[in-house]
Amino acid sequence: MKLTRRDFIKISGTATAGLALNGMGLDLRPVEAYSWELRTRDAKETPTICCYCAVGCGIICHTDTKTGKVIYTEGDADHPINQGALCAKGASVYQLARNDERVTEVLYRAPYSSKWVAKDWDWALKKIAGNVKKSRDASFVAKDEKGRVVNRCEGIASVGSAAMDNEELWVYQAMLRALGLSSIEHQARI
Amino acid sequence: MSGKSFLIDTSACMACRSCQVACKAWNRNDGTVTRNRGSHQNPPDFDGNTFKLVRFREVRAGNKVSRYFFSDQCRHCIDAPCKDVIDSAVTGGAIQDKATGAIVYTEKSKGAPFKDVRSECPYDIPRQREDGTIVKCTMCIDRVSNGLQPACVKACPMGGLHFGDREEILARAEKRLATLKAKYPKAQLLNVETVRTIYLVVGDPKEYHKFAVASANPGVTRKVALRRMFGPAIDALRTVARG
């Protein structure tokens with residue numbers, strides 16, 4: 001048996017005086033010292049912006065340098081808006097990347113069908129464009145009941161898009177106005 | 001006494017629960033399947049995957065309704081009864097970190113009697129996983145010992161959660177208490193002397209949560225009482241036996 005000086009003190013001290021001293025408020029039970037490894041220690045840190053609401057909090061995304069997968073996300077302490085803090089949605093943002101439930105391809109359910117079918121993006125964009133055209137042609141009003149020129153599309157509305165920035169939104173709303181939409185709303189007001 | 005401490009200022013809490021979510025994210029804890037019980041408190045209680053929980057209470061006094069939010073977590077007691085129970089069953093099942101004072105359970109806690117551990121806790125914190133491990137808040141010991149703030153404190157957008165050296169936290173708590181006293185005469189700090197997670201409440205703590213303050217009579221079991229008396233001798237013998 002090998003006894004270090006520390007062990008010796010521990011044994012002699014606790015075995016003899018320990019019992020008596022313990023009752024007097026001195027606790028001689030050993031308090032362990034451990035080293036704890038940080039699981040994001042070797043991760044690559046990338047600053048990003050939360051995709052949820054219009055506040056635009058800064059997030060640091062930790063990714064595994066080997067697999068490129070997201071390990072952890074947390075508030076960016078250097079970001080002027082949130083200074084490291086996040087709300088409950090922002091705090092859970094890593095689940096966007098690491099989520100078995102996440103939809104990774106275009107899914108289409110035809111009218112009256114009960115099944116989702118995987119489609120490619122080209123097909124989906126053409127389908128959306130076709131539907132927009134169809135709906136706009138059907139609901140376009142050139143003149144109202146009093147004969148005034150209005151040129152509006154009453155069959156389509158736009159709601160949301162918090163993840164878009166100011167410039168993207170300008171282009172987007174310009175497109176919507178060109179179609180004649182008057183029902184345009186942004187998530188910041190919802 | 002040194003080490004680290006939390007200050008949880010319930011008067012600043014708006015119950016966004018980002019502390020609760022950040023805790024799950026850092027500890028990689030799964031979600032809990034729950035159903036709507038008519039309360040925002042969700043999940044309804046701690047479980048094997050929930051170490052941090054914002055408790056919601058509505059308290060009516062006459063015509064006035066107060067909403068109390070209580071960001072509940074382990075208090076990291078300075079002299080932790082749960083550690084005594086675990087230690088009396090398995091060596092190394094619970095650790096008290098030297099630098100911070102954090103109480104951390106390990107895989108070995110599987111071997112400890114869960115019911116005793118839970119009933120011994122004056123704040124009803126420990127929970128058990130399906131594999132038998134006993135779990136609770138770790139004070140984010142891996143983050144803290146690497147110079148970071150605990151995940152919950154980092155995430156709090158209201159400045160309700162604070163973490164730091166015990167002296168600093170105590171000073172901050174006293175200062176904030178003095179400020180709040182002017183408006184809320186009932187404002188108080190809970191169990192300051194015995195715990196490292198210090199709550200600041202503005203009303204009757206029992207109205208926040210049944211276990212907001214330590215249960216009046218923790219009911220020390222015979223085993224634990226013995227352990228406290230002979231603990232040092234047992235530890236010494238174990239050290240010798242390990243050689």
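One can find the structure itself at the top, above this paragraph.
Residues numbered from 1 in each chain as written. Chains lettered and ligands numbered in written order. Predicted model: local features only at pLDDT ≥ 70, side-chain atom pairs only at ≥ 80, totals over all residues. Heavy atoms only, no water.

Draft legend 1. A look at the overall build of chain B. Summing up its helical and strand segments, chain B has eight helices and ten strands in all. Among the 243 residues that make up chain B, the fraction classed as buried is 54%. (Helix = DSSP H or I, 4+ residues; strand = E, 2+ residues; numbered from the N terminus. Buried < 20%, exposed > 50% of the residue type's maximum accessible area, 1.4 Å probe, protein only.)

Draft legend 2. Helix 6 (residues 166–183) of chain B, seen in detail. Residue and element names in this part refer to chain B. Compared with the 26 Å implied by 1.5 Å per residue over 18 residues, the 26 Å span of helix 6 between its first and last C-alpha is a close match. Along helix 6, the positions that sit buried rather than exposed are Arg166, Ile169, Ala173, Leu177 and Leu180. Take helix 6 and look down its axis: the buried residues cluster within an arc of 75 degrees, on one side only. Facing away from the buried side of helix 6, by more than 90 degrees, are the exposed residues Glu168, Lys175, Ala178, Thr179 and Ala182. Contacts from the buried residues of helix 6 go to strand 1 (4–9), strand 8 (161–165), strand 9 (188–190) and strand 10 (197–201). (Expected span 1.5 Å × (residues − 1). Arc of directions from axis to C-beta. Contact = heavy atoms within 4.5 Å.)

Draft legend 3. Spatial organisation of the sheet that holds strand 9 of chain B. Residue and element names in this part refer to chain B. With mixed pairing, the four strands of this open sheet are ordered in space as 8-1-10-9. For this open sheet the edge positions go to strand 8 and strand 9, each flanked by a neighbour on one side alone. Looking at each pair of strands side by side, their axes are set apart by 25 degrees on average, direction ignored. In the sheet, strand 1 pairs with strand 10 via four bridges, with the strands oriented parallel. Paired with Ile8 across the two strands is Tyr199, which belongs to strand 10. (Pairing = 2+ DSSP bridges. Axes fitted to C-alpha atoms, helices over the stretch in contact; angles between N-to-C directions.)

Draft legend 4. Looking closely at the side chain of B:Gln20. Residues and elements named next belong to chain B. Looking at the secondary structure, you find Gln20 in helix 1 (residues 18–27). Reaching out from Gln20, the side chain makes a polar contact with the backbone nitrogen of Val54 at a distance of 3.1 Å. The contact partners of Gln20, leaving out residues within four places of it in the chain, are Asn42, Pro43, Lys52, Leu53 and Val54. (Polar contact = N/O pair within 3.5 Å; in protein donor to acceptor, adjacent residues only side chain to side chain.)

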